[in-house]
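Tertiary structure, described
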Amino acid sequence: MDTIASIASNVAVPVLKQLTYVLLYNTYVTNLENEVQKLQREEKEVRHTVEAAKRNGEQVEDTVRNWFTRVRAAIEEAQAFLRHEEQERIGCLDIYSKYTLSQKARNLMDHLSELRQETFDKVSYRCALKCNVSSASRGYEALESRTAMLNEIMQALKDSEASMIGVYGMGGVGKTALVKELAWQAEKGGSFDVVVEATVTSEPDVRTIRAEIADGLGLKFDELTEMGKACRLRQRIRQEQSILVILDDVWGKLDLTEVGVPSGEDHKGCKLLVTSRDLNVLNAMLGAQKVFRLEVLSESESWNLFEKKGGEAAKDDSIQRIAKKVAENCAGLPLLIVTVAEALKNKDFYAWKDALEQLTNFDLDGCSYSKVHSAVEQSYEYLESHELQTFFLLLGSLGNYYSTKDLLVYGWCLGLHKNVDSLADGRNRLYKLIDNLRAASLLLEGERYQVEALHIVRIVAAAIASRTKPFFTMQRNTELKEWPRMDFLKNCQHIFLDWCYINELPEKLECPTLKILQLCSQGNYLKLPDNFFVEMRELKVLTLGGLNCTPSLPSSLGLLTNLQALNLCKCMLEDIAVVGELKNLEILSLEKSELIEELPAEIGQLIHLRFLDLTDCSTLRVIPHNLISKLTSLEELLIENCNIQWEVQGCKNQGNDSSLSELGSLHKLTTLNIHINDASVFPRDLLALGKLHSYNISIGNGWNSFGVESGFFKVSRVFKLNPSMDPRILMDYGIKMLMNRAEDLHLAELKGVREVLYELNDDGFSLLKHLSIQNCDDMWSIIGPIEWAHRDHAFPNLESLILHNLSNLERICSGPLPAQAFTKLRVVKIKGCDQIEFVFPHSMVEQLSELLEVEICECKFMTKIVAEKIKEDDSETDKIQFLKMRSLTLECLPSLVSLSPEPSVNNTIQLFTEKVEFPNLENLKLCSINVHKIWDDKLSAQTSFQNLTTLTVDGCERLAYLFSYHVAARLVNLQHLLINSCKLVEHIFSRDGNTDNVRLARKSVPTEMGPIFPNLETVVISEMESLKSIWPSQLPQNSFSKLKKMEITYCSSILNVFQSHVLDKLLSLDSLDVWYCDALEFVYEIEGGINEVDIQLRALSLGHLPNLKHLMNKDPQECVRFQNLSMVKVTTCKSLKHVFPLSMAKDLLQLGVLEISDCGVEEIIGNEHGGGEEQESPLGLVFPKLACIKLLNLPELRWFCNENHYFRFPLLNQLYLVECPAMETFSHGILRASILRRIYLNEKGDQSHWEGDLNTTIRKIFTKEI
């Protein structure tokens, strides 16, 4: 029974369960409907929470998004079921249907219930802020200079050793815009996982900076103290593997630890990008490893930006001329450009004129300048010292031209430099101030001696300076029409009239507070009134230029007892004795003044004189005896290009002439510039020369200008010695000191000297940077023989070596090279050294790692540049590498075989081989060398001269061709090519050395070959008497695509210039000159069918081409168009019968000048090369820009065009018709030249005639009725 009961139970329970689905069918359906409603309410409530989170800028959790998706799907499924169930009820449901539907309803109900009961810890989260403003939204314009800078900064940020990168530049130059673009690109491109920004400002608030960075990281602080918040931020940043922190507009020291930003070793994955106006802030205060200066925009970029921001108005023809001037006056500052352009967008002509007026008159209060004005003034206010601010204002009062020599004088005499005891120290302080203003972006970058500021910066500086120290300034080369008002002059402190046109001077200038007066007059040598200086008792600096001060200086000059500096430049002087009364004078210059023959003895009374400049006083002959020795305070003495009669040393007859031995009394002398013609007047063993810090001393004459002229290098100590017939001077102790300490040494006509080291110096010239030796016949080496050469110090700092006309020089180094010799050598120039066989020993090449330029000329027996490798040479490789060389010139070397010592192949002399590498060579000049080939036809990548930009080949008479296709494809950066006088060259290009058949089938072009000369801009070919072909017979795409200018002269065998396959490649050719090519028949040779080509040529000049028949060998039938041609000049082409075919003339819409002379032309425009068929109907030809036609000496010219076409010349206003006796009429059809009013009958244009219209006038001329 138990068994039966158990079986019954096991069967009954499942049956009852299944039966329940049928019995509770309606209940399950009703419960499902209720569950749907409950879930919908739950979804709605959760969605409200999500929407509230979104309004707070929070991101929805993925689990919540997934829940919404599952809820929506479940509700849709339940609703679909209910709709289906309702339809099923209409009929009669059987038990099975009720069962299945009831079971599905129960399952759906359970699923909805489970969804409703799901809970979330949170529905949203606060994400870190993103720099998610696109370039377009910010209005950022991608300019070339900014893109290049941005790429450089991005590259620097990848440097693992650089944790902080700085960008600096003046206010308004676009630093913030640049780093925001960089942030956008870094974030978008994934360069960094996180990018955060903060603006620091001139008054930094650490809490605000920290908060901006925290916002970018989505960080909220719970800490109560500032230190705790900094630690939390630092910890948060360290969590990011790669993060860029941008700190914009930093003005001073910023404690990154206090902010909470890790750097350097603290977190290698954190990079800082900092912007500032001041380089010193980035370097000294923050310690940036790499710094970039952002400069103002170029003129072209300024206009591009202005045009984009100015809208359609800037492109309007009636406004564009003014718009360009407005853009120019925005000084390249993006802030000013954008402000002005957007303010003028859609404005009319008068608004643009008003804006230009504001900008040119520098209305600093106007809306255009206000932002830039405030930016510059703020930079001024934050300069680090009062001295630097005062110096900046001094620059503002000076105008456009700054001379460091003048700035030193002004600063010294105005007491600008505190705690400075000498002029040398004052000069150092001046350079420091200049560097600091450059660092503060208030001066433009440049050489230390070139001081220049943006115009807007000068204007703002002048505006600030005028508030406290009134000044009057006139720019150079302007006219002073009237002097300022008297009330202004009485308060004026500085007057600068910098080489102006001054018509007259007042009897006296009442300026009781004046400190500086610069009065330099152009061209008229004004006479100074005697009482001119009576009311200037406070004057400290006086500069007079271009004035007539004869017979004597004004007596009122003696009243200037406070005067410390007097500069009489380019004045006419005779008696200047009154200068002796200026007891406080410290600086006196008579530079380039005339007529003065003798310095007055009264100059010796100037016991405080520190500086005396007599440079270029060509008439000065006499300095009184003992005058120089009395000037015991003298620090700097300049006596160059004067013909002073110095007392001869050892002469018993003591005259009135000064002696150079008096220099020994000048114990404070630190600078001496002097030229001494006669070596015999130079004092012996003058110890004072050893104390000089700076000198430019020249003894003797006859200096040749080959190489680099003296003064080109900025060095402190220059010594030139030409003892001529007196070699004993080389033994003088003073001369030895000058040579030993010289940085720039010139030696000439040394007798008995065989070597420089160690006959002239046994310490190795350790300070010498530039050495020039010429006309020394006894010299045979620079560094002496082997027993002397084993020293470490031999020219360790030498940068340039120039050897000229050393007829017996055999070697630069006659033995093993000292270890440190020539390691800094950058320039080598050798000329006229016939006995030298090579320039560099093989072992020397490795030491020439800094070599940039080599020039070798007129060395008769030189066979190679680098000698053979000797057995003692322990170098590992035979390779000869000049890794930094930029320029190589080889000229007039008749024995030169190769650069390297390699045997010729098949008796072919090849200049460059694979053993010589010039990866950075930019300029190569080869003249009159007898090589058969320049380079191997299969030039390897390592020696491929890929950076070569300029190539000159001149007078190489054994060359058969210049380039194989392989070589040409390697020279990808070549920009300028000059070929001259290579007599054997028939084809410039040869296919792999094969010159027998240049016209190969074009299908033989290697498919893998790259473009030929894709960056070439100019080609000059001259005196190539055998040349027949210029172009390769195959041209890959983009070959010659940047060629702009071609000149071809004296090529007597060439038949044409361009072939058909070239035309569609010359997309940039702008100018073509072809002269003196006797065989030339056509400029363009068109073969077979040709696709349509637009020739970009603008200027065409053809001359002395006796066989030129036509521009093209056949009419192009409008397939070749010259729509850009603006100037055509043709002369002395006797076989030319017409200039343009009709099909070409139709497209000459830009032609502005047409000049035809001394040719055999019968008409200017011909039809089908003179074919007999006439045009069915006349054409209307308009030359809308043709303004000038010159037809000169054309005896066969009959008309401009013989066809019955209509011609219109709306701008023609000059027509020259000279010696054209056969010209009957201009044209046969309708002719309009609305503004033409005369025909000139000679080239001078002083004879003309007019009869009311063009044709009538020409007929009158033809019938000789005039």
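In this text the structure is predicted, and so the values were computed from the model without any measurement.

Basis of the calculations
- Residues numbered from 1 in each chain as written.
- Predicted model: local features only at pLDDT ≥ 70, side-chain atom pairs only at ≥ 80, totals over all residues.
- Heavy atoms only, no water.
- Core = buried A, V, L, I, M, F, W, Y, C linked by side-chain atoms within 4.5 Å.
- Buried < 20%, exposed > 50% of the residue type's maximum accessible area, 1.4 Å probe, protein only.
- Contact = heavy atoms within 4.5 Å.
- Axes fitted to C-alpha atoms, helices over the stretch in contact; angles between N-to-C directions.
- Helix = DSSP H or I, 4+ residues; strand = E, 2+ residues; numbered from the N terminus.
- Parallel < 35°, antiparallel > 145°, perpendicular 65-115°, else oblique.
- Left-handed = near helix turned anticlockwise from the far one by under 90°.
- Nonpolar A, V, L, I, M, F, W, Y, C, P; charged D, E, K, R; others polar.
- Polar contact = N/O pair within 3.5 Å; in protein donor to acceptor, adjacent residues only side chain to side chain.
- Expected span 1.5 Å × (residues − 1).
- Pairing = 2+ DSSP bridges.
- 1 Å grid on protein atoms, 1.4 Å probe; cavity = no way out; pocket = protein on both sides within 12 Å on 5 of 7 lines; lining within 4 Å.
- Points joined across faces, edges and corners; volume = space filled by probe spheres on them.
- Domains from an automatic or database assignment.
- pLDDT = per-residue confidence, 0-100.

Bringing the nonpolar core into the picture now. Residues Phe840, Trp935, Phe963 and Phe1058 are the most contacted members of the largest nonpolar core, which totals 253 residues. Dropping the residues within four chain positions of it, Phe1058 is found in contact with Trp1031, Met1046, Leu1063, Leu1066, Leu1069, Leu1072, Val1083, Tyr1084 and Glu1085. By size, the runner-up hydrophobic cluster in this structure holds 95 residues, among which are Ala156, Leu273, Val340 and Ala461.

All right, on to the packing of helix H13 (residues 317-328) against helix H15 (residues 349-360) then. In contact at an axis separation of 9 Å, H13 and H15 are set at 20° when each is read in the N-to-C sense. In terms of orientation, H13 lies roughly parallel with respect to H15. Seen from above, H13 lies across H15 with left-handed handedness. Along the contact surface, H13 presents Ser318, Ile319, Ile322, Ala323, Lys325 and Val326, while H15 presents Phe349, Trp352, Lys353, Leu356 and Leu359. Residue composition of the contact of H13 with H15, grouped by class: 8 nonpolar, 1 polar and 2 charged.

For Asp1253, the position within the fold is in the loop between strand S61 (1248-1249) and helix H28 (1254-1262). When the C-alpha atoms of Asp1253 and Arg1232 are compared, they prove to be 8.6 Å apart, with 21 residues separating the residues in sequence. For Asp1253, the side chain forms a polar contact with the side chain of Thr1256, separated by 2.7 Å.

Attention shifts here to helix H7 (residues 175-189). With 15 residues, H7 extends 21 Å from end C-alpha to end C-alpha; this agrees with the ideal 21 Å at 1.5 Å per step. Buried within H7 are the following residues: Lys175, Leu178, Val179, Glu181, Leu182, Ala183, Trp184, Ala186 and Glu187.

A separate point is the pairing of strand S5 (residues 243-250). For a regular strand, the rule is simple: side chains alternate between the two faces of the sheet. Most of S5 is tucked away: 7 of the 8 residues are buried. As paired elements, strand S4 (residues 194-201) and S5 share 7 bridges and run parallel to each other. Of the residues in S5, the one forming a bridge with Thr201 is Val250.

Before going further, it helps to examine the side chain of Ser593. With respect to the helices and strands, Ser593 occurs in the loop between strand S19 (587-589) and strand S20 (611-613). Setting aside residues no more than four positions away along its own chain, Ser593 makes contact with Leu568, Cys569, Lys570, Cys571, Leu573, Asp616, Cys617 and Ser618.

Applying the stated criterion across every chain yields a total of 8 cavities of 30 Å³ or more. For the largest cavity, the calculated volume is near 110 Å³. Together, Lys405, Asp406, Val409, Val541, Leu542, Thr543, Ala565, Leu566, Asn567, Ile587, Ser589 and Phe611 line the largest cavity. Going through the elements one at a time, helix H18 (404-413), strand S15 (541-545), strand S17 (565-569) and S19 are the ones with two or more residues in the lining of the largest cavity. Residue classes in the lining of the largest cavity are distributed as 7 nonpolar, 3 polar and 2 charged. The space that makes up the second largest cavity amounts to roughly 80 Å³. Lining the second largest cavity are 14 residues, and of these Met170, Arg293, Ser441, Leu444 and Leu454 lie nearest its centre. Grouping the amino acids of the lining of the second largest cavity by side-chain chemistry returns 10 nonpolar, 2 polar and 2 charged. Three or more residues apiece are contributed to the lining of the second largest cavity by two domains, here domain 2 (135-293) and domain 3 (383-469).

Glancing now at the packing of helix H12 (residues 299-310) against H13. Axis separation between H12 and H13 bottoms out at 9 Å; the angle between their running directions is 120°. Here H12 is positioned oblique relative to H13, judged by the angle of their axes. When the axes of H12 and H13 are compared, the crossing they make is right-handed. Residues Glu299, Trp303, Phe306 and Glu307 of H12 pack against Gln320, Ala323, Lys324, Val326, Ala327 and Glu328 of H13.

Note the cis peptide between Thr550 and Pro551, where omega equals -5°. Mapped onto the elements, Pro551 comes out in strand S16 (residues 547-552). Backbone geometry places Asp249, a non-glycine residue, at a positive phi of 65°. Within the fold, Asp249 resides in strand S5. Owing to a relative accessible area of 23%, Asp249 belongs among the partly exposed residues under this scheme.

This part is about the confidence of the model for the chain. Looking at the chain as a whole, the pLDDT averages 85, with 89% of positions reaching at least 70. The spread of mean pLDDT over the elements of the chain runs between helix H24 (residues 786-789), the lowest at 48, and S19, the highest at 97. Low pLDDT (under 50) marks residues 708-712, which in the prediction has 9 contacts with non-local residues, meaning those over four places away or in another chain. Counting contacts from residues 993-1005, a segment whose pLDDT is below 50, to residues more than four positions away or on other chains yields 25 contacts.

Here we come to the layout of surface pockets. Which parts of space are left empty comes out when a probe the size of a water molecule is rolled across the atoms. Reported here for the largest pocket is a volume of approximately 1700 Å³. Residues of the lining of the largest pocket, tallied by class, amount to 18 nonpolar, 17 polar and 14 charged. For the second largest pocket, the calculated volume is near 700 Å³. Every residue lining the second largest pocket is counted, 27 residues in all, and those nearest its centre are Gly174, Lys175, Thr176, Ala177 and Leu335. Secondary-structure elements contributing two or more residues to the lining of the second largest pocket are H7, S5, H12 and helix H14 (334-344). No other element matches the 5 residues that H14 contributes to the lining of the second largest pocket. Residues that form the lining of the second largest pocket fall into these classes: 8 nonpolar, 8 polar and 11 charged.

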